[in-house]
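For reference, the chains in residue letters:
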Amino acid sequence: MLVIDPDECIDCAVCVPECPVNAIFAEEDVPAGQELFAKLNKELSRLPAWRVIDRTKPALPDADLCAEETDKLARLLR
Ligand code: SF4
């Protein structure tokens, strides 16, 4: 999982079609019931532990498992 700093984002939407698991939405397009993730994104983006990604990196080893996870919040809290 990654988060997007809403203060840095210019809302260009270039990332939306680039996400391989369709996990990025413009704020106004966040699906019903998923609004919590917009708030969580903002809060996590403020934490130093969520470092800025400044280069292309390979997918994490558990990327496929994460993509299939239906309860992403529980996974995040594990
Ligand atoms: S690519 Fe995505 S995160 Fe980056 S500025 Fe555009 S909308 Fe924001």
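Model, not experiment: these values are computed from the prediction.

Chemist: Just checking my understanding: could you explain the overall build of the chain for this structure?
Modeler: Each helix and strand counted, the chain has four helices and zero strands in total. Starting at the N terminus, the α and β elements of the chain follow one another as α-α-α-α. For 78 residues, the compact-globule formula gives about 12 Å, and the C-alpha radius of gyration of the chain, at 13 Å, lands near that figure. Going through the 78 residues of the chain one by one, you find that 9% of them count as buried. Of the contacts formed within the chain by residues at least 6 apart in sequence, a portion of 67% connects residues at least 24 apart. Of the roughly 6,800 Å² that the chain leaves accessible, carbon and sulfur atoms contribute 57%. Computed over 9 positive and 16 negative side-chain charges, the separation of the two mean positions in the chain equals 8 Å.

Chemist: Explain the pattern of salt bridges to me, please; I cannot follow it from the model alone.
Modeler: Any two side chains of opposite charge can pair, given that their charged atoms come close. This model, assessed by the stated rule, comprises seven salt bridges. With a closest N to O distance of 3.9 Å, Arg-75 and Glu-69 form a salt bridge. With relative accessibility at 22%, the residue Arg-75 sits in the partly exposed group. Three or more residues are tied together by salt bridges with common partners; here these are Asp-62, Glu-69, Arg-75 and Arg-78.

Chemist: How do you make sense of the side chain of Ser-45 when you look at a structure like this?
Modeler: With respect to the helices and strands, the residue Ser-45 is situated in helix 2 (residues 35-45). The exposure class assigned to Ser-45 is buried, which follows from its relative accessible area of 15%. Polar side-chain contacts of Ser-45 include one of 2.7 Å to the backbone oxygen of Lys-42. Setting aside residues up to four positions removed in sequence, Ser-45 forms contacts with Val-3, Ile-4, Asp-5 and Pro-6.

Conventions we followed
- Residues numbered from 1 in each chain as written.
- Predicted model: local features only at pLDDT ≥ 70, side-chain atom pairs only at ≥ 80, totals over all residues.
- Heavy atoms only, no water.
- Helix = DSSP H or I, 4+ residues; strand = E, 2+ residues; numbered from the N terminus.
- Rg over C-alpha atoms; globule rule 2.2 N^0.38 Å.
- Buried < 20%, exposed > 50% of the residue type's maximum accessible area, 1.4 Å probe, protein only.
- Contact = heavy atoms within 4.5 Å.
- Areas by Shrake-Rupley, 256 points an atom, 1.4 Å probe, with all protein chains shown as cover.
- Lys, Arg positive; Asp, Glu negative; His and termini not counted.
- Charge placed at Lys NZ, Arg CZ, Asp CG, Glu CD.
- Salt bridge = Lys/Arg side-chain N within 4 Å of Asp/Glu carboxyl O.
- Polar contact = N/O pair within 3.5 Å; in protein donor to acceptor, adjacent residues only side chain to side chain.

By themselves, these figures tell us nothing about what the structure is for.
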